[in-house]
Structure formats: C-alpha cells, structure tokens
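Fold and geometry: a report
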Amino acid sequence: MEVIIQADYDAVSRVAADLVEELVRKKPDCVLGLATGGTPVGLYQELIRRHQEEKLSFSKVTSFNLDEYYGLTPDHPQSYHYFMNEELFDHINIPKKNRHVPDGMAKNVEKWCKSYENKIKRAGGIDLQVLGIGGDGHIAFNEPGSSLVSRTRMKTLTEETIRDNKRFFNKNETVPIHAITMGVGTIMDAKHCIMIATGEKKAKIVAAALEGPVTSQVTASVLQMHPKTTVIIDEAAAKKLKNHKYYRWCYDRKPTG
Ligand code: GLP
C-alpha cells in the first residue's frame, strides 16, 4: 500500500486525477470503478477540466459505479445515478452504453447483482477503482460486519452512515436505509485501488483502516491485503497516522521506472 500525503483537497484531487489520466492514456479502453460522496467531486472536476482543456478522451472507457440507494429512481436528485450525471458523465465522453451504475429499482435484487458481477467480468475486470471511506470505515456501502469476500448485494446502512449522508437530502426527505453495493471481494478484484480521504473528520478512521488490524468492522482495512492500493489523503486526514513521516519519506524518494 502506498500512502501519499498532500497539502489539501485540491492537491489530493490532482494526484488522483493523474493516476486516472495515466491509465486512460495508456489503455484507452480501460475499465474504471467510480465512487460517489463529497470526496471524489474534486477529482471529477479535474478530469472534466483535462477533458475540456487537454483533450483527455474517455471515448473507449467503460465504468462501473460502486453502489446505489435502494428505492431511488435514476432521476431522483439524491440517487447516485443523478450524482454521476451531474458531477461527471454529462461533462465527459464515456459512451452512455459503457456506464454502469447499480439499479436502485431492481426487482429481483439477487439476480440483478449476479448480472452486475458478470458484466464486470465480461468487461475484463476493473483496472482502477476509485474509493472514498465512510465515517464507519466502509468502502462503497460495505458496512461493519460485511464479509471480506462479499460480492455485489443489498446491504442495510448503519445509523452513522444514514446520519452522515443526511446532508445530501432535503429536510423532509428520508435517507434510504438499504443500498445495492459492490462487495468487498468485488473491490478487491480490481487491479489497482485508489482510496481518497480528506479533512480532520476522517483522520481517526483513516488511521484505523491503514494502521489498525484488518477487520470486517472497518472494511477499508482489507485494502492492506490488496496487491496494489494507493491511498491519497490530505494533511488533516493524515493527522492520526503513526507512520506519516515514513510515508512522506517514501513518496519523496519514489524510485522511477
Ligand atoms: C457514501 C458512499 C461511499 C463514500 C462515502 C464517503 O457512503 N457509499 O462510497 O466513500 O459515502 O462519503 P464522503 O466522501 O462524502 O465522505
């Protein structure tokens, strides 16, 4: 696991965008795993800028999103479908047929989840998976206690997650309590994972995920067992890391080639 500590949110977004750009230029028909939440918005803005100003093309890219609230239609303003259209898809050129976001209205959820897994497999697997981290340590919506080999399925959200995500909903709206999410095992199959986190609020959980035990109680901790994960965080989110000096030392002396 490589840990990259940057000064602030904008720098984190730029470094994450560099990794996405490097892959897209090297492998134009790559498969991207995409995330929602507040954290990746800066990364998406940077990708949009590079698309518009620097001819970064996504015309052959395929994408799979991590999760979607169960019970929200794609046109619901708080759905992850809507978020992805607003924050990324409407501004870059990933072909519509290549974009995949879990169906929050799926009737036969088990069957639908299996078909999502098959689609990922048929696309050749995820080359680069973007991840955030929830306040309770979740990746995607893999809440504490999720099997570390789980596949795409329905999950019940924790009270903490519901509370955290309330900020995106109007006062009179209720946050859905269920979601369809890629499993921890699905995420672990990605060839490269990048996890981004910023702000002091995330410092404690980032330390637990990176330097604590690997446990289903903090599903992000399983990334310690992933063969290629890059964690990009700002100073504030790095505050509680015991080895922060070493991570900086390594990054400054990164071997080239
Ligand atoms: C949601 C998403 C996660 C995301 C998390 C953190 O729960 N399902 O994929 O990582 O929010 O969100 P934020 O980046 O807003 O802190």
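Here the structure is a predicted model, which is why all the values come from computation and not from measurement.

1. Quick word on helix H2 (residues 41-54)
With 14 residues, H2 extends 19 Å from end C-alpha to end C-alpha; this agrees with the ideal 20 Å at 1.5 Å per step. For H2, the full list of buried residues reads Val 41, Gly 42, Leu 43, Tyr 44, Glu 46, Leu 47, Ile 48 and Arg 50. Check the buried side of H2 and you find it contacts helix H1 (9-26), strand S2 (31-34), helix H3 (80-87), strand S6 (128-131) and strand S9 (192-197). Looking one or two residues beyond H2, the residue adopting positive phi is Lys 55, at roughly 55°.

2. Quick look at the site of the ligand
Neighbouring the ligand are 14 residues, the closest being Gly 38, Thr 39, Asp 67, Arg 167 and Lys 202. Within the side chain of His 138, a nitrogen or oxygen atom sits 2.9 Å from an oxygen atom of the ligand. Residue composition of the shell around the ligand, by class: 4 nonpolar, 7 polar and 3 charged.

3. Details of the side chain of Ser 79
Mapped onto the secondary structure, Ser 79 falls in the loop between strand S4 (67-69) and H3. Using a relative accessible area of 1% as the deciding quantity, one classes Ser 79 as buried. Among the polar contacts listed, one links the side chain of Ser 79 to the backbone oxygen of Thr 73, at a separation of 3.5 Å. Those residues within four positions of Ser 79 in sequence are excluded, and the remaining contacts are Glu 68, Leu 72, Thr 73 and Pro 74.

4. Some remarks on the pairing of S9
Among the 6 residues that make up S9, 6 are buried, leaving the element largely enclosed by the rest of the structure. As judged from the 4 bridges shared by S6 and S9, these two strands associate in the parallel manner. The partner of Val 130 across the bridge, within S9, is Ile 194. Where S9 lies against strand S10 (residues 229-234), 5 bridges are found, and the strand directions are parallel. Counted as the bridge partner of Ile 194 is Thr 230 from S10. Between S9 and its parallel partner S10, the chain crosses via helix H7 (residues 203-211), and the hand of that crossover is right-handed.

5. Let's talk about the pairing of S10
In summary, the side chains of a regular strand alternate between the two faces of the sheet. With 6 of 6 residues buried, S10 is to be regarded as a mostly interior element. Side chains of S10 alternate between two faces, with Thr 229, Val 231 and Ile 233 and Thr 230, Ile 232 and Asp 234 buried alike.

6. A look at the sheet that holds S4
Pairing within the open sheet is antiparallel, and its 3 strands lie in the order S4-S8-S7. What marks the edges here is a single partner per strand, and that holds for S4 and strand S7 (153-156). In this sheet, adjacent strand axes meet at a mean angle of 30° when their direction is disregarded. Summarising the sheet, S4 and strand S8 (residues 178-181) pair through 3 bridges and their orientation is antiparallel. Bridging across to S8, Glu 68 finds its partner in Ile 180.

7. Remarks on the sheet that holds S2
Taken in spatial order, the 7 strands line up as S1-S10-S9-S6-S2-S3-S5 in an open sheet, and their pairing is parallel. Strands at the two margins of the open sheet, each flanked by one partner only, are strand S1 (2-6) and strand S5 (99-100). Across 4 bridges, S2 lies against strand S3 (residues 62-65) in parallel orientation. Within the sheet, the bridge partner assigned to Val 31 lies in S3 and is Thr 62.

Definitions and cut-offs
Residues numbered from 1 in each chain as written. Predicted model: local features only at pLDDT ≥ 70, side-chain atom pairs only at ≥ 80, totals over all residues. Heavy atoms only, no water. Helix = DSSP H or I, 4+ residues; strand = E, 2+ residues; numbered from the N terminus. Expected span 1.5 Å × (residues − 1). Buried < 20%, exposed > 50% of the residue type's maximum accessible area, 1.4 Å probe, protein only. Contact = heavy atoms within 4.5 Å. Near = heavy atom within 4 Å. Polar contact = N/O pair within 3.5 Å; in protein donor to acceptor, adjacent residues only side chain to side chain. Nonpolar A, V, L, I, M, F, W, Y, C, P; charged D, E, K, R; others polar. Pairing = 2+ DSSP bridges. Right-handed = clockwise from strand over helix to strand, strands pointing away. Axes fitted to C-alpha atoms, helices over the stretch in contact; angles between N-to-C directions.

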